[in-house]
Amino acid sequence: MNKFYVTTPIYYVNDVPHIGHAYTTLQADAVARAARLLLGDANVWFLTGTDEHGSKVAKAAEQAGIEVKEFVDKYADAFKQTWKKLNISHNDFIRTTEARHEAGVKQILSQLKTIKNNQSVVYEGVYEGLYCEGCEQFYTADELTDGLCPIHKKPAILLKEKNWFFRLSSYLDEIEKDVRDDIIKIIPEKRKNEVLGLIKQLRQLPNGGDFSISRETVKWGIDLPAEYGSGQKAYVWVDALTNYITALGYGSADDGLFKKFWQDKTSSVVHYLGQDILKFHAVYWPGLLLALGLFNFDQQRPLELRIHGYFTINGEKMSKSLGNVISPDELINRYGLEAARWLLISTFPFGSESDFSFTKFDEKYNAELANLLGNHISRVSNLVEKLCGGKISGTYDKNKATHHKDSNDQWEICLNILAGLHEQSEKLHLEQPWKSITAEPDKAIKAINDAALYIRDVLADQLKPLVPDTAREIKNTFSSENVKKAEALFPRLAK
Ligand code: MSP
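Residues numbered from 1 in each chain as written. Predicted model: local features only at pLDDT ≥ 70, side-chain atom pairs only at ≥ 80, totals over all residues. Heavy atoms only, no water.

**So, the site of the ligand**
- If you check the shell around the ligand, you find 24 residues, and the closest are Ile10, Thr24, Asp51, Gly274 and Phe311.
- His21 has a polar side-chain atom sitting 3.5 Å from an oxygen atom of the ligand.
- A distance of 3.4 Å separates a nitrogen atom of the ligand from a polar side-chain atom of Tyr310.
- Coverage of the ligand by the protein chains reaches 95% of its 660 Å² of free accessible surface.
- By residue class, the composition of the shell around the ligand is 13 nonpolar, 9 polar and 2 charged. (Near = heavy atom within 4 Å. Polar contact = N/O pair within 3.5 Å; in protein donor to acceptor, adjacent residues only side chain to side chain. Areas by Shrake-Rupley, 256 points an atom, 1.4 Å probe, with all protein chains shown as cover. Nonpolar A, V, L, I, M, F, W, Y, C, P; charged D, E, K, R; others polar.)

**Considering helix 3 (residues 68-85)**
- Taking 1.5 Å per residue as the helical rise, helix 3 with its 18 residues ought to reach 26 Å, and the 26 Å between its terminal C-alpha atoms agrees with that figure.
- Regarding helix 3, the residues found buried are Val68, Phe71, Val72, Tyr75, Ala76, Ala78, Phe79, Thr82 and Trp83. Taken end-on, helix 3 shows its buried residues confined to a sector of 145°, consistent with a single buried face. Exposed positions of helix 3 whose direction lies more than 90 degrees from the buried face are Glu70 and Lys84.
- The secondary structure elements touched by the buried residues of helix 3 are strand 1 (3-12), helix 1 (19-39), strand 2 (44-51), helix 2 (55-64), strand 3 (92-95) and helix 11 (328-335).
- Positive backbone phi, approximately 55°, marks Asn87, located one or two places after helix 3. (Helix = DSSP H or I, 4+ residues; strand = E, 2+ residues; numbered from the N terminus. Expected span 1.5 Å × (residues − 1). Buried < 20%, exposed > 50% of the residue type's maximum accessible area, 1.4 Å probe, protein only. Arc of directions from axis to C-beta. Contact = heavy atoms within 4.5 Å.)

**Observations regarding the packing of helix 12 (residues 337-346) against helix 17 (residues 468-479)**
- One can describe the packing of helix 12 onto helix 17 by two numbers: an axis separation of 8 Å at closest approach and a directional angle of 115°. Where helix 12 abuts helix 17, its residues Leu337, Glu338 and Arg341 lie against Pro468, Asp469 and Thr470.
- A per-class count over the contact of helix 12 with helix 17 returns 2 nonpolar, 1 polar and 3 charged. (Axes fitted to C-alpha atoms, helices over the stretch in contact; angles between N-to-C directions.)

**As for the pairing of strand 6 (residues 122-132)**
- With 10 bridges connecting them, strand 6 and strand 8 (residues 157-166) associate as antiparallel partners. Note on strand 8: the bridge partner recorded for Gly125 is Asn163.
- Remark: 4 residues form the turn of the hairpin made by strand 6 and strand 7 (residues 137-139), two consecutive strands paired antiparallel; Glu136 in that turn has positive phi of roughly 55°. (Pairing = 2+ DSSP bridges.)

Structural data, given as structure tokens:
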């Protein structure tokens, strides 16, 4: 790989961001930052944005008594502000109400209308089904629990509409093969098996898995192009999924980024998402791409999907009605920006269900940031100042660092950083250079110098993608010609 394109889902603007959204975005941010260090800024593109059409958003605006455009502007801005506060390094933020996106969606729909794969890939039909507005998707009766949506636990509504359909059924074999062969690469493995199961289920549906790409009764959306006949809007998921290429300029005159990051097999494409929207990304999206001829280019560069679990709060679903929604602001106010980033990224193994509690975060903050990292930095900088005249010499041979592991899982990376730090801190405790400085000054100075080099040449670099400001501060402290005792990086939380 020499180029890297990473995305987050685009978030619905029916409410302000919470820690679930922040978690996905931080994952993408950390890998984008790591990739920039490896490949250079010009070879990395990180996209996030907001999903602004559809009945769910329109209804939320209506309930708030605000005109829809004003409503979506307000919440899109809330996402932008939150990403700024969390120091997210996206290169672009796409809103599906932007002209560039709307033009791209129309172009894609026009293309689909002309494509034949034996038969036309889109066709008109009537759909009757159970629809969950929260998910913006149809469910079969089997998928519901007592008529309730499995995610929102609300009744699905019976809808009957004349829609345009996408013939997904004719791509399922290919998608299945691509999933098996890791050409559609799904991480973690258990989600891959889930997708293979989903494909089997889709095949058994009366329409073989074909899905509607338009909505007759929805008013807030992108108009289908004229060749479809009048009156319908694009289905919000078709509108949303295509953001990953419209944001790169697909279908426009200015498609340099699309060529560079999508249409080039030396570029890795990684979509981060939660388990709730797996079907759309692992089946519908590849189906659309295959139809558009945008997946089998240059034989084959994988489409990688990294799927994380859902946050619960003290064991319960996070929801407005339960009043337990946690905002990224709450975390930042309690722990500070850098600690909030660290805690969100390092607490849960990627892909697992994640139960959040302030108690757990408080303990982690004190143990890892205040005690281990904070104390080690201040102890070593103090020793350099007091016993080495503020001077450090040499460089640390990174190959010697035992806890330096590359992984797709940020949690694992954090574990390794902590293990390395722990080892360093223990070593210093055993060597006690502050005691041996009089009897064996050379040995004591070497021990301090080695500890300082590890911090400057290994630890600061490891921390860069995760806690960039802290990493810079540490690097600066230990790169100085005259090292002084560092200020406490992470003050202990008051009980
Ligand atoms: N708009 C669609 C995505 C379209 S992508 C082409 C959507 N938006 S969403 O705002 O509902 O949520 C998107 C993502 O936010 C989830 O996939 C997940 O990554 C994250 N999370 C939302 N709630 C979450 C939790 N409770 N826990 C963890 N992440 C969650 O779906």
